[in-house]
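# Examination of the molecular architecture
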Amino acid sequence: MFRYHVLRELSGYLDNQLSDKQKLKVERHLQGCQLCSQELSKLRLISQKLKAWQAPELGPFFEDAVKKEIAHQGLEKGEVKMKKKTLAILVPSGVLAGILVFAFLGSLYIQRGVVGRLRSGEDKIGEQFDPSKRDKPYYVPQSKFDARLSSKDQARFIYNGMPEVLKAMPNKTSYWTGTQEFAQGGENYEPYYINEGRYANRIDNTVSIRQSAMGNVRVASGGPTAPILPITPSEGSVIVIQPVLPATGEGEKIIRSAEVKLEVEDGKATYTKANEICQELDGYLASSNFYKDKEGREAGTITMRIPKDKFLAALEKLAALGKVESSLTNSQDVSQEYANLKARLDAAMVVYNKTLEALQKRQTTIPEAMRLESELTPILQRVEQLKNQIEYLNNAVSFTTVTLRFHEPQVSAKVLEESKNSIKESLLTAGINGIRFFAQAIPVVIVAVLWLGIIIGVAFLVKYWILRIFKRG
Amino acid sequence: MQGLRDEEVMLNYQKGEVEAMDELLRRYKNPVYQFALRLSGNAAEAEDIAQEVFLRLHQYKDEYRPSGKFSTWIFSITHNLAVSRLRKKKWWAVWPRRDDGSEALVEFQSPDPSPEEIASENELSGILKKCIQGLPFLQREALILREYQNLDYQDIAKILKKSLGTVKTLIHRARQNLKTRLLPYLEEVKGGV
């Protein structure tokens, strides 16, 4: 009698899948165990009988079909299957995401989180872009042009059939670059130029400049004494400053000044940088003003004195600090005035020297000396006065005056940031409400799932019942 | 090409020799088809699986590494496809179908053919077919790979992604089940003769 049998090892023994040691052990057992030997015989019989099931072979067209499929559709078919798999994941995910987004947007609409605030103007965003709600006229940049007029010329700009006039300052050569804007007021369009902060003067019988169909400025009637610069292709309200100074002869005394108006993102940084530019160009600050308006936008005005040889460099550097709204450059020729002063000084000096010489003579009597001295004093005052005037002119000529006006945009980054925060707050509130909505819907979903489970269970019971009927039948 | 081992032929196909596919088809089209047929019991489905196997072989030829037997690799593909199709059928086969004797997979048939059904089969192969298809899927698969494809247990374990011990158990149980179902009939036939 054996304490154990090798029934579980018999399959492996039959298939010759045992190790030598196991095989030896089974063989020894089989020699003395009739039960296991009979079991092995049965298994061997079954294994032999299994060979009786001869599966048919494939037909002759299989290979051709496979090769054809490989050649024409094989790889593509695989890719399609992969696409189907991907779609099987993406489509349900997309549908789910769509439902969530729809529910979220619906909750947004219901809560009127954003829409309501925008409509009611709480965050002032709608108001900023709504001309009807503004105290000031709504400005729309219409055109951009860059023209230069020589002294005593006056030009009329015609734009969209509306004659407008830009007056050139007398005895000056004006370089005017700016954005022409129109404000709607009453029946007529009233023009003005925001870069100058005042309305342009209407003047008749002036040089007219029309904007041609090609987009360039050309002379329509009369004629300017200086060339008209071509228009740079318009890009909204961006203005290109190209100041061109007239050549001055040696000894000519010309006082130059410029005013640049910028829209900047950061007023304080602009103020600092402008100071740095002034120092870098060996200039000095004449005056400065920095402030914040009611809406919290930073603005300021800096007047700086820059050596005349660094005038253009200063304009270029300042223009790079922000978006140029306007740039006005003026030149005043004071050569004649300077020459007059010099002549008067020379004459005064002659009188002064002669008087002084007479006074210093020994034969001069005391009363006469007193008279000469009383005459000398006003002459001396006159000489000093003329010297001061000449020195003032020299200073004005050697140092140009550059005024920088800057302000942060009407819809500044800060205001936008505050608006964004307001919107974020609205979105957050709406999001929380959306989550609450879903949370409230969870019990409904649970009940629905339970009902679905019951229905499926009943269906499977019916299936089982039908199966049994089929079996019996 | 004919003197080369399966792995070498596959490597040649990997390198771009189109003729290698002819050789692989010649060698494996019937084993793959017969394996699929015995597994599914459906000739059309078996042919579809066989075709899909060779398309996959073509599609993933660059991923083939001759570290194991080629036969193990190709039967693994067949196994995966068969399991995949079975899962799909299980999912869709919510409602029962009356057994037509050949078309349906065993999972949707009565697991135990009645003695009357067995007796009604005139040929032994038909009875064997019914008995084998009455086995659970993994037992059936392991037994088919052993008895008809003559693979050793190690290879079967790789194909089924099971341990060696599991494969031994599966084959043992499959034979025990067959013994229970088939022996009465065999003894009856023997006694009748």
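Just above, that's the structure.
First, a word on scope: everything that follows refers to the structure included in this document. Here the structure is a predicted model, which means the values were calculated and not measured.

Turning to the overall build of chain B, a few remarks are in order. A count of helices and strands for chain B gives nine helices and zero strands. A burial count over chain B gives 37% of its 193 residues as buried. In chain B, the proportion of contacts linking residues at least 24 apart, taken out of those at least 6 apart, comes to 55%.

As a further point, take the overall build of chain A. Broken down by element type, chain A carries eleven helices and twelve strands. The buried share among the 473 residues of chain A stands at 19%. The contacts in chain A between residues at least 6 apart in sequence include a share of 72% that link residues at least 24 apart.

Another aspect to go through is the nonpolar core. Ranked by internal contacts, the top residues of the largest apolar core, which has 59 residues, are Leu24(B), Val32(B), Ala36(B), Ala50(B), Ile74(B), Ala142(B) and Ile156(B). Take this core: its biggest share by element is eleven residues, from helix α2 (residues 19-40) of chain B. Counting 23 residues, the second-largest nonpolar core is a separate cluster that includes Leu262(A), Cys278(A), Met304(A) and Leu321(A).

Moving on: the pairing of strand β9 (residues 284-292) of chain A. All names here are of chain A. One ladder, built from eight bridges, connects β9 with strand β10 (residues 298-307); its direction is antiparallel. The residue bridging Lys292 from the neighbouring strand is Glu298, located in β10. The antiparallel hairpin formed by β9 and β10 contains five residues in its connecting segment, where Gly296 sits at a positive phi of about 85 degrees.

Taken together, the contact pairs 34 residues of chain A with 37 residues of chain B. Sorting the residues of the side of chain A that touches chain B by element identifies α1 (10-14), α3 (34-50), α4 (62-111) and α11 (413-472) of chain A as the ones contributing at least two each. Residue contributions to the side of chain A that touches chain B peak at eleven residues, all from α4(A). Partitioning the side of chain A that touches chain B into residue classes produces 16 nonpolar, seven polar and eleven charged.

The next point concerns the environment of Asn289(A). All names here are of chain A. Tracing the backbone through its elements, the reader meets Asn289 in strand β9. Accessibility expressed as a C-beta count within 10 Å gives 11 for Asn289, which makes it exposed. Between the C-alpha atom of Asn289 and that of Arg405, which follows or precedes it by 116 residues, the distance is 9.3 Å. Setting aside chain neighbours within four positions, we find Asn289 in contact with Gly300 and Thr301.

Okay, the packing of helix α7 (residues 137-147) of chain B against helix α8 (residues 153-160) of chain B next. Residue and element names in this part refer to chain B. Here α7 crosses α8 at 140 degrees, and the two axes come no closer than 10 Å. The pairing of α7 with α8 is recorded here as oblique in orientation. Where α7 crosses over α8, the two elements pack in a sense that is right-handed. Residues Leu138, Glu141, Ala142, Leu145 and Arg146 of α7 lie in contact with α8, whose contacting residues are Ile156, Ile159 and Leu160.

Before going further, it helps to spend a moment on the environment of Arg38(B). Counting through the fold element by element, Arg38(B) comes out in helix α2. Accessibility expressed as a C-beta count within 10 Å gives 23 for Arg38(B), which makes it buried. Along the sequence, Arg38(B) and Ile144(B) sit 106 residues apart, while their C-alpha atoms lie 7.3 Å from each other. Here Arg38(B) is in contact with Ala55(A), Ile132(B), Ile144(B) and Tyr148(B), once residues within four sequence places are set aside.

What counts as what
- Here the residue numbers are simple positions, counted from 1 along each chain's written sequence.
- Written order determines the labels here, with chains lettered from A and ligands numbered from 1.
- Residues qualify for local features only when their pLDDT is at least 70, as the model is predicted, and side-chain atom pairs are given and counted only at 80 or more; totals for whole chains, interfaces and linings, by contrast, use all residues.
- Helix numbering and strand numbering both begin at the N terminus, where a helix is a DSSP run of H or I of at least 4 residues and a strand a DSSP run of E of at least 2.
- Think of it as a crowd count around each C-beta: if 20 or more other C-beta atoms lie within 10 Å the residue is buried, if 12 or fewer it is exposed, and in between it is partly exposed, with C-beta placed from the backbone throughout.
- Once C-beta atoms are placed from the backbone, any two residues with those atoms within 7 Å are in contact.
- Any nonpolar core is a set of buried residues, restricted to Ala, Val, Leu, Ile, Met, Phe, Trp, Tyr and Cys, that join up through C-beta atoms within 7 Å.
- In short, DSSP must find at least two bridges between two strands for them to pair.
- Amino acids are sorted into nonpolar (Ala, Val, Leu, Ile, Met, Phe, Trp, Tyr, Cys and Pro), charged (Asp, Glu, Lys and Arg) and polar (every other residue, Gly among them).
- A fitted line through C-alpha atoms serves as each axis, taken over the contacting stretch for helices, and the angle formed by two N-to-C directions is quoted from 0 to 180°.
- An angle counts as roughly parallel when it lies under 35 degrees, as roughly antiparallel when it exceeds 145, as roughly perpendicular when it falls between 65 and 115, and as oblique in every other case.
- In a left-handed crossing the near helix is turned counterclockwise from the far helix by less than a right angle, and in a right-handed crossing that turn is clockwise.

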